[in-house]
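# Coordinate analysis (summary)
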Amino acid sequence: MEFEHSHNQTISLGNAFKTGIAINILFVIAEALVGYYSNSMALVADAGHNLSDVLALAFSWIAIILSQRKPTLKFTYGFRRSTILIALLNTILLLVAVGIIIFETISRLSKPMEINAKNVMIVASIVINGFTAWLFMKGKNKDLNIRSAFTHFVADALVSLGVVVAGIIIALTGIQWIDSLVSFVIIAVILYGSYNLLIDSLNLALDAVPDNIKIENVRKYLDSLSEVTGVHDLHIWSLGTTDAALTVHLTTSVQTTVSFITSIQHYLHEEFNIEHSTIQVEFGSSEDCGNKY
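Residues numbered from 1 in each chain as written. Predicted model: local features only at pLDDT ≥ 70, side-chain atom pairs only at ≥ 80, totals over all residues. Heavy atoms only, no water.

### Structural notes on the pattern of salt bridges
Per the stated rule, a full pass over the model turns up three salt bridges. R80 is the salt-bridge partner of D243, the closest N and O atoms lying 3.6 Å from each other. One end of the pair, D243, is in the loop between β1 (228-238) and β2 (244-252); the other, R80, is in the loop between α2 (41-67) and α3 (82-110), with 163 residues separating them in the sequence. With a shortest N-O distance of 4.0 Å, R219 and D223 are connected by a salt bridge. Separated by four residues within a single helix, R219 and D223 lie in helix α8 (residues 215-224), roughly one turn from each other. Relative accessible area serves as the criterion here: at 39%, D223 is assigned to the partly exposed category. (Salt bridge = Lys/Arg side-chain N within 4 Å of Asp/Glu carboxyl O. Helix = DSSP H or I, 4+ residues; strand = E, 2+ residues; numbered from the N terminus. Buried < 20%, exposed > 50% of the residue type's maximum accessible area, 1.4 Å probe, protein only.)

Below, the structure is given as structure tokens:
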């Protein structure tokens, strides 16, 4: 049994993606230009990070659109898993950005350049990243793509604050290497976010039980049903970054009806957010069938 998603939520997310992409493209262009002309590697590094986030937003939006398409005779589950593939792609983009930033930062260390600290402070806008993060705050706990976008832009806001602090220190002390130090801090932030995103994406790609579902609690619920004498072949996995699926074999000591299965499916949906569940009922012995999960 499968449950429908809210179309209003999809429209709201679409508007959030459009707004986030538009304002961040403008910000990346401004930041990269000023960073180049003011000789600030910190600004160029931050612009590169923000560009990777713009690409991540675009790909995530495309994946969500694809996930709404109806199943076909070949893709019987539809294109929901495209959101998982995009999450993996976004991780690769982040790692590539890290490599470029490391190379450029090391190059600048051997050839220090004077930095216009005033431009650094003006362009490193905390408001842009904070506003973008706010756009995805509501959906961050329900979708890996949305959570990654929210986390990235919260990190960006903190990184921008670091750039501003570096600009203030440079203006007061004239210590130019502070800019390179901030670049390495940005690299550390990106690596941390990339690691978590990579682990979560791989877990979903390998059909791990979603983090928001405890399989032990699902088993306890099924075991607690008076009609059920045995539970085996219980599997829970993600169809995409928002949809979970379940299959299970239930052994019963009494004859059951369709309403019995329907009531279980509704409970799984309401309590565990499992959108698609397939339940096979076996009438007979409650002996162990050999596979606990």
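### Quick notes on the pairing of strand β3 (residues 276-283)
Pairing between β2 and β3: eight bridges, direction parallel. Across the sheet, the residue bridging to T247 is T278, located in β3. What joins β2 to β3 is helix α9 (residues 258-272), and the crossover it makes is right-handed. (Pairing = 2+ DSSP bridges. Right-handed = clockwise from strand over helix to strand, strands pointing away.)

### Quick notes on the sheet that holds β2
As summarised here, the arrangement of the three strands in space is β1-β2-β3, forming an open sheet in which the pairing is mixed. Among the strands making up the open sheet, the edge pair consists of β1 and β3. For this sheet the average axis-to-axis angle between neighbouring strands, irrespective of direction, equals 10 degrees. Bridge count for β1 against β2 is eight bridges, and the pairing is antiparallel. Counterpart to I236 in the pairing with β2 is L246. Along the sheet, α8 makes contact with β1 and β2, crossing β1 at roughly 150 degrees. (Axes fitted to C-alpha atoms, helices over the stretch in contact; angles between N-to-C directions. Contact = heavy atoms within 4.5 Å.)

### Some thoughts on unusual backbone geometry
In this model, D207 sits at a positive phi of 60 degrees, which is unusual for a non-glycine residue. What makes D207 partly exposed here is its relative accessible area of 40%.

### Quick word on the environment of V54
With respect to the helices and strands, the residue V54 is situated in helix α2. Once the C-alpha coordinates of V54 and I21 are considered, the two residues, 33 residues apart in sequence, prove to be 5.7 Å apart. Those residues in contact with V54, other than ones at most four positions away along the chain, are I21, N24, I25 and V28.

### Examining the side chain of N24
Within the secondary structure layout, N24 lies in helix α1 (residues 7-37). Engagement of the side chain of N24 in a polar contact is seen with the side chain of T132, the distance being 2.9 Å. (Polar contact = N/O pair within 3.5 Å; in protein donor to acceptor, adjacent residues only side chain to side chain.)

### Focus: the environment of L161
Tracing the backbone through its elements, the reader meets L161 in helix α6 (residues 144-173). A residue is classified by how much of its surface remains accessible, and L161, at 41% relative accessible area, is partly exposed. For L161 and I126, which are 35 residues apart along the polypeptide, the C-alpha to C-alpha distance reads 6.4 Å.

### Concerning the packing of aromatic side chains
In total, this model carries seven aromatic pairs according to the counting rule given. Taking the centre distance of 5.0 Å and the plane angle of 55 degrees together, the rings of F17 and F136 count as tilted. Note that F17 is positioned in helix α1 and F136 in the loop between α5 (126-135) and α6, a separation of 119 residues in sequence. Under the relative-accessibility criterion, F17 is labelled buried at 0%. A relative accessible area of 0% places F136 in the buried class. Their ring planes at 25 degrees and their centres at 5.9 Å tell us that F131 and W134 sit as a pair that is stacked. Placement of both F131 and W134 in helix α5 is noted, with a separation of three residues, approximately one turn of the helix. Relative accessible area serves as the criterion here: at 35%, F131 is assigned to the partly exposed category. With a relative accessible area of 51%, W134 lands in the exposed category. Here the aromatic cluster, defined as three or more aromatic residues joined through ring pairs, consists of F17, W61 and F136. (Phe/Tyr/Trp six-rings, centres within 6.5 Å; stacked < 30°, edge-to-face > 60°.)

### What to know about α9
In this model, α9 (15 residues) spans 21 Å end to end at C-alpha, consistent with the 21 Å of a helix rising 1.5 Å per residue. All buried positions along α9 are accounted for by F260, I264, Q265, L268, H269 and F272. Looking at the buried side of α9, the elements it contacts are α8, β1, β2 and β3. At the exit of α9 stands N273, carrying a positive phi of roughly 60 degrees. (Expected span 1.5 Å × (residues − 1).)

### Section: the confidence of the model for the protein
Mean pLDDT over the protein stands at 79; residues scoring 70 or higher make up 83%. Across the protein, the secondary-structure element scoring lowest on mean pLDDT is helix α4 (residues 117-123), at 52, and the one scoring highest is α8, at 94. (pLDDT = per-residue confidence, 0-100.)

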